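A structural walkthrough
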Amino acid sequence: MKTSYLVTTNRKKIKNDSNLVNSSCDKTYINCVIANDAPKKLDFLILVIETLQINATESLLMKAKDKGLSKDFSNRVQFWKLRASNPLRKSYTFSSLTSEQIDSLVELISSMADNLYPLIRQLLSSKESKTLNNERWILFSTRLKSLIRERMNLQRSYIAHLLSDENNEFFRELLVILSLSCGPGGANRLKASMYYQI
Amino acid sequence: MINLTYRFDQNSSSLELAGMPDVSNGDSEDTIGILSSWTLRIIGSPLLEGEKEHLDELMQVILLYSRSYVSGIRKSFKSSKNIVIIIPFGVNHKLLLNSTKKNVKPLEIILDDSELADLTRCLDLLRFDPRFNLRWNSTLERPFSRRFIVSNFNKSNRNYNILYAFLIFLTTSSIFLLIPINNQLDLREINNSSESFSKQIK
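Residues numbered from 1 in each chain as written. Chains lettered and ligands numbered in written order. Predicted model: local features only at pLDDT ≥ 70, side-chain atom pairs only at ≥ 80, totals over all residues.

With that out of the way, let us pick up unusual backbone geometry. Residues and elements named next belong to chain A. Phi is positive for Asn 31, which is not a glycine, with a value near 65°. Looking at where Asn 31 falls in the secondary structure, it is placed in the loop between helix 1 (11-26) and strand 2 (32-34). Look at Asn 168: it is not a glycine, yet its phi comes out positive at around 55°. Its location among the elements puts Asn 168 in the loop between helix 7 (157-164) and helix 8 (169-179). (Helix = DSSP H or I, 4+ residues; strand = E, 2+ residues; numbered from the N terminus.)

All names here are of chain A. Between helix 2 (residues 38-52) and helix 5 (residues 99-124), the shortest axis-to-axis distance is 10 Å and the interhelical angle comes to 30°. Classified by the angle their axes make, helix 2 and helix 5 are roughly parallel. Judged by the sense of rotation from one axis to the other, the crossing of helix 2 with helix 5 is left-handed. Each of Ala 38, Leu 42, Leu 45, Ile 46, Ile 49 and Leu 52 in helix 2 lies in contact with helix 5, whose residues at this interface are Ile 102, Leu 105, Ile 109, Met 112, Leu 116 and Leu 119. (Axes fitted to C-alpha atoms, helices over the stretch in contact; angles between N-to-C directions. Parallel < 35°, antiparallel > 145°, perpendicular 65-115°, else oblique. Left-handed = near helix turned anticlockwise from the far one by under 90°. Contact = placed C-beta atoms within 7 Å.)

Okay, the nonpolar core next. Formed by 73 residues in total, the largest nonpolar core has its most connected members in Leu 45, Val 48, Ile 109 and Leu 175 of chain A together with Ile 62 of chain B. A per-element tally of this core places helix 5 of chain A first, with 12 residues. Look past the residues within four positions of Ile 62 of chain B in its chain and what remains in contact with it is Ile 86, Leu 119, Thr 120 and Leu 123 of chain B. (Core = buried A, V, L, I, M, F, W, Y, C linked by C-beta atoms within 7 Å. Buried ≥ 20, exposed ≤ 12 C-beta atoms within 10 Å, placed from the backbone.)

Residues and elements named next belong to chain B. Along strand 1 (residues 3-10), the buried face is formed by Leu 4, Tyr 6, Phe 8 and Gln 10; none of Asn 3, Thr 5, Arg 7 and Asp 9, which line the opposite face, is buried. Across seven bridges, the pairing between strand 1 and strand 2 (residues 13-20) is antiparallel. Residue pairing in the sheet places Leu 4 in a bridge with Gly 19 of strand 2. (Pairing = 2+ DSSP bridges.)

Have a look at this one:
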């Protein structure tokens with residue numbers, strides 16, 4: 001007797017597994033410290049999500065509510081305070097993120113990346129028509145750059161470099177990180193990149 | 001004996017595994033405990049197949065490469081038996097697969113970022129699927145040490161602004177040092193002239 005199954009991403013199953021994944025992962029974060037660039041990286045990843053989806057912040061807050069995440073996601077202001085820990089922002093609050101806040105943000109980003117995966121894939125694919133891909137990239141980079149101009153400190157040389165870079169290398173890197181952060185395995189990968197081992 | 005086949009599809013990649021439950025290990029009817037074969041289809045590349053050991057090596061390399069990419073590191077990785085090698089190839093990624101059979105040339109597959117993501121997602125789905133009771137050799141996603149990240153960080157991403165600023169400071173300071181200073185400047189004359197001026201007023 002031979003049975004065959006087609007596997008599709010089943011959210012219920014992933015939800016059940018995520019507890020197991022988290023419990024096994026917690027042991028690997030002993031003797032680890034939060035990476036210096038973690039707030040910057042997380043904020044930029046959310047910025048890319050906002051570029052790909054209008055009203056992404058609302059979706060993020062709704063997801064956080066569904067997942068029962070902490071008070072930091074109760075409203076837009078609290079969420080903005082979290083993001084203002086990015087030192088490249090105009091409104092930098094000189095605060096740092098706790099490991100709980102990082103875990104919550106990683107979970108949210110991973111879940112949003114899962115939803116946006118088809119769009120991300122389209123932008124990263126080299127097999128599609130070049131003209132169509134160029135148009136997509138122009139749209140994406142223009143919107144992302146306008147968001148950066150709006151929120152980041154333009155006097156920082158790093159931001160000036162990002163805005164003047166026509167190859168969009170950093171934006172591409174952010175998209176690849178998002179594409180590799182989907183699902184439970186991806187969330188673990190992203191979380192691991194937010195820490196250093198002592 | 002029940003033969004089970006499961007397939008994981010992710011756009012450009014499709015991984016199919018066949019096996020049977022390991023009854024001695026207490027596996028249920030729909031669980032694969034013994035893997036008999038696997039095939040991997042990547043669009044535009046030849047069909048890949050092999051034993052569990054080969055899939056394990058592929059998994060090790062792809063997952064480690066993806067993990068490093070998320071930390072901003074782009075470097076090549078080899079599997080423990082050198083069967084699978086992945087190398088950054090411009091904006092793409094080159095996957096080299098060495099056959100265990102003699103006189104067979106290594107297979108070369110160029111993956112773009114989207115294909116790498118598809119393949120990684122396929123392997124992730126397999127890893128976390130509860131219908132497989134198999135032990136994989138792939139390491140858990142552990143944070144890297146700071147030293148490892150600094151030594152392998154993508155050189156093009158390095159920000160040399162501080163170094164440039166220091167160099168500009170040094171060159172301008174040395175140029176200022178070359179300007180001659182007149183140490184023998186006599187200030188008396190100026191005083192005299194002011195005195196004479198006051199006399200004139202009187």
